[in-house]
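Chains, contacts and geometry: an overview
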Amino acid sequence: MSMNTTTSQVVPGGEGNIQNDSSATMCKPDAEIRSKLSWKTRISFSVGHVLNDLTASMWFTYLLVFFHLVLRFDNSLSGIVLLIGQIADGIATPFVGLQVGEAYSNPAGQRRHQGSKCYSGLLANFGPRKTWHFFGTMCILASFPFIFMPCVGCATSSQWAQVIYFSGFIVIFQFGWAAVQVSHLSLIPVLAHDERSRTELTALRYAFTVASNITIYAMTWVTLGVTGASQQVVGPEDTTDFRDVVLIAVGIGALFSIFFHCGVDEVKHNQVYYSSMNQPNSPSAMKAFDWLKEKQFYQVAVLYMATRLFVNLSQVYLPLWLQDTLQLGATSVATTPLALFVSGFLTSLAMGPLTQVVGRKVVYLMGALIGMGACVYVWFGNGEFFQTYGVYGVAALYGAGGSTMLITSLAVTADLIGPHVESGAFVYGAMSFTDKLSNGITVFLIQYLHPCPSCCPECKPYYVMILALVCGGAALLALMSLATMIPLDIGVLPKGYQRIASDTEDDVTPETNRNISVMA
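Quick look at the structure, then. (Residues numbered from 1 in each chain as written. Predicted model: local features only at pLDDT ≥ 70, side-chain atom pairs only at ≥ 80, totals over all residues. Heavy atoms only, no water.)

**As for the overall build of the protein chain**
Tallying secondary structure elements over the protein chain gives 18 helices and five strands in all. Residues counted as buried form 60% of the 520 residues belonging to the protein chain. The long-range share in the protein chain, meaning contacts at least 24 apart out of those at least 6 apart in sequence, stands at 82%. Surface accessibility of the protein chain: about 19,700 Å² in total, with carbon and sulfur atoms responsible for 66%. (Helix = DSSP H or I, 4+ residues; strand = E, 2+ residues; numbered from the N terminus. Buried < 20%, exposed > 50% of the residue type's maximum accessible area, 1.4 Å probe, protein only. Contact = heavy atoms within 4.5 Å. Areas by Shrake-Rupley, 256 points an atom, 1.4 Å probe, with all protein chains shown as cover.)

Quick look at the structure:
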């Protein structure tokens, strides 16, 4: 369905930023305009990352548990396995971002009539982002199940030989994961054109991320409970339990990926961007490497990296803290992370309204302080009450703080991109590169510096220091980055690289008359 607008013009920001020559005023993106993004599209977009969310939950929460406690790899080799994956992911993300950006380097008319060597044929109907999403999904489905199964035909080989075996599947998985993540994130500025709608779309996406994590932990809880491991620490006898959870997870993720591709029409929404790009007053296009000259790009990158460090490290080391330090039962590695993500889910529901009241920066500050409160609780917590009930309070604080920081940092990244969706995939890829590399190196160093190959009473405080000091340090780094952005209006760039209008902006810009068709 299309809406014909006479004597008006769409400027960057797409739906809702309509300038009328007769009044020389810019209309705010009101509820009627925002409603053009239907709930079908919103929900379909939000479930497009479920496969990634399910596999990431297994990867970050249970990879070290599986390799160290189930396969009996030593600490440093377990860290190397995760580092290999993070490096592969870090390299893949900017590559995919550049490829998606290249697909939009030609004007819309040229690409429509000339076609694309990379995106011709049936997949041309998807659009480049959805094409990469589809390709990444296939890579994940073909590789991820093998990561959580014993080495096929080489279970008795040396650990280094098994690392080489697993590395092949890990590289394929991480390349696919990066393709899905970057292509999916880069759709946010295409679909949502103002601050409020981007926050809502990001929060809805994160709600499904939390639901995916809850699904993984619930399945793990049921699986370990059924096998009678609830009062035991995780060990080699739980191999089949992890295999079953992974197979169910990839099946669920594949189903939601189908929903995504059926419900989101990237090609239609791209036409809004191309219409605005061809207007006389449209901002200059941002090429991928133009971003490297912008100070805000690096400030947001540090904020996003520190946020991901806090979220991922708390997710990785919470189960090991429960098992090695507190010596709790096997089901604790499911129930406590479950509390973390339930808390995160409930927090995500309030993100949109709260951001409208106090703004992104204050919301992020609140999230970081809550997260640092969790670190303090881990450091000082002890005793039977703490082990029985306090661990769930720790998890709730990590979940609330982490989800607030993550949702806000993603929305800030979308603000930075603004109308420059032609290079949005590169920006998300670059942000993800800093995230993956920093997480991989940090986890490797933590595992390498572990005081002993197999845990003993003397090394129990080790994971307390990781959760309290390293995660707390990441939150502090994020706050330092946030402090540098207090006087800035994120997305306002020099040299004509303009930010789109938000809900609170009242720009007045006279325009020439023009008849255009805006795809709803």
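Still to come is the rest of the account.
**Section: the side chain of Ser332**
Summarising the element assignment, Ser332 is placed in helix H13 (residues 332–349). Since its relative accessible area comes to 8%, Ser332 is described here as buried.

**Regarding the nonpolar core**
Tyr62, Phe148, Tyr317, Trp321 and Tyr398 are the most contacted members of the largest nonpolar core, which has 120 residues in total. For this core, the element with the highest residue contribution is helix H12 (residues 295–325), accounting for 16 residues. For this core, the domains that each give at least three residues are domain 1 (45–284) and domain 2 (287–419 + 451–487). With residues near it in sequence (within four places) discarded, Trp321 still touches Leu326, Val378, Phe386, Val391, Val394, Tyr463, Val464 and Leu467. Of all hydrophobic cores here, the second largest spans five residues; its members include Val96, Trp132, Ala179 and Ala425. (Core = buried A, V, L, I, M, F, W, Y, C linked by side-chain atoms within 4.5 Å. Domains from an automatic or database assignment.)

**A look at the pattern of salt bridges**
Any two side chains of opposite charge can pair, on the condition that their charged atoms come close. Within the structure shown, the criterion is met by five salt bridges. For Asp435, the salt bridge identified is with Arg308, shortest N-O distance 4.0 Å. Of this pair, Asp435 sits in helix H17 (residues 424–448) while Arg308 sits in helix H12, placing them 127 residues apart in sequence. A residue is classified by how much of its surface remains accessible, and Asp435, at 0% relative accessible area, is buried. (Salt bridge = Lys/Arg side-chain N within 4 Å of Asp/Glu carboxyl O.)

**What to know about the side chain of Ser409**
Take Ser409: it is sitting in helix H16 (residues 384–417). Polar contacts involving the side chain of Ser409 include one to the main-chain carbonyl oxygen of Leu406, which spans 2.9 Å. Not counting residues within four places of it along the chain, the set of residues in contact with Ser409 comprises Leu303, Tyr304, Thr307 and Tyr364. (Polar contact = N/O pair within 3.5 Å; in protein donor to acceptor, adjacent residues only side chain to side chain.)

**With respect to the packing of helix H6 (residues 128–147) against helix H10 (residues 239–263)**
Remark: H6 packs on H10, axes separated minimally by 10 Å, with the N-to-C direction vectors making an angle of 170°. Put simply, H6 runs roughly antiparallel to H10. Here H6 runs over H10; the crossing is left-handed. Here Lys130, His133, Phe134, Thr137, Leu141, Phe144 and Pro145 of H6 lie close against H10, whose contacting residues are Val246, Leu247, Val250, Ala254, Ser257, Phe260 and His261. Its residues placed into classes, the contact of H6 with H10 shows nine nonpolar, four polar and one charged. (Axes fitted to C-alpha atoms, helices over the stretch in contact; angles between N-to-C directions. Parallel < 35°, antiparallel > 145°, perpendicular 65-115°, else oblique. Left-handed = near helix turned anticlockwise from the far one by under 90°. Nonpolar A, V, L, I, M, F, W, Y, C, P; charged D, E, K, R; others polar.)

**Considering the state of the cysteines**
Should the sulfur atoms of two cysteines be covalently bonded, the bond is a disulfide. This structure, assessed with the given rule, holds one disulfide. A sulfur-sulfur distance of 1.4 Å marks the disulfide that ties Cys151 to Cys154. The exposure classification of Cys151 matches that of Cys154, with both residues buried. (Disulfide = S-S within 2.5 Å.)

**Re the packing of aromatic side chains**
One pass over the full model with this rule turns up 29 aromatic pairs. On the basis of an interplanar angle of 85° and a centroid distance of 5.8 Å, the ring pair of Phe256 and Phe259 is categorised as edge-to-face. Linking Phe256 with Phe259, this pair stays in helix H10, spanning three residues, or about one helical turn. By relative accessible area, Phe259 is classed as partly exposed at 42%. (Phe/Tyr/Trp six-rings, centres within 6.5 Å; stacked < 30°, edge-to-face > 60°.)

**So, unusual backbone geometry**
Backbone geometry at Arg72 places phi at a positive 65°, although glycine is not the residue there. If you trace the backbone, Arg72 turns up in the loop between helix H3 (50–70) and helix H4 (75–102).

**Some words on the environment of Trp177**
Considering the arrangement of structural elements, one finds Trp177 in helix H7 (residues 159–185). On the basis of relative accessible area, Trp177 is assigned to the buried category, the value being 5%. Measuring from C-alpha to C-alpha, the distance between Trp177 and Ala92 comes to 9.0 Å, with 85 residues separating the pair along the chain. Look past the residues within four positions of Trp177 in its chain and what remains in contact with it is His49, Asn52, Thr55, Ala56, Asp89, Ile140 and Lys436. Within the local environment of Trp177, its side chain forms a polar contact with the side chain of Thr55, the two groups lying 3.5 Å apart.

**Quick look at the packing of helix H2 (residues 39–46) against H10**
With their axes 8 Å apart at the nearest point, H2 and H10 run at an angle of 145° to one another. Where H2 crosses over H10, the two elements pack in a sense that is left-handed. Of the residues in H10, those in contact with Lys40, Thr41, Ser44 and Phe45 of H2 are Phe259, Phe260 and Gly263. For the contact of H2 with H10, the residue count by class is three nonpolar, three polar and one charged.

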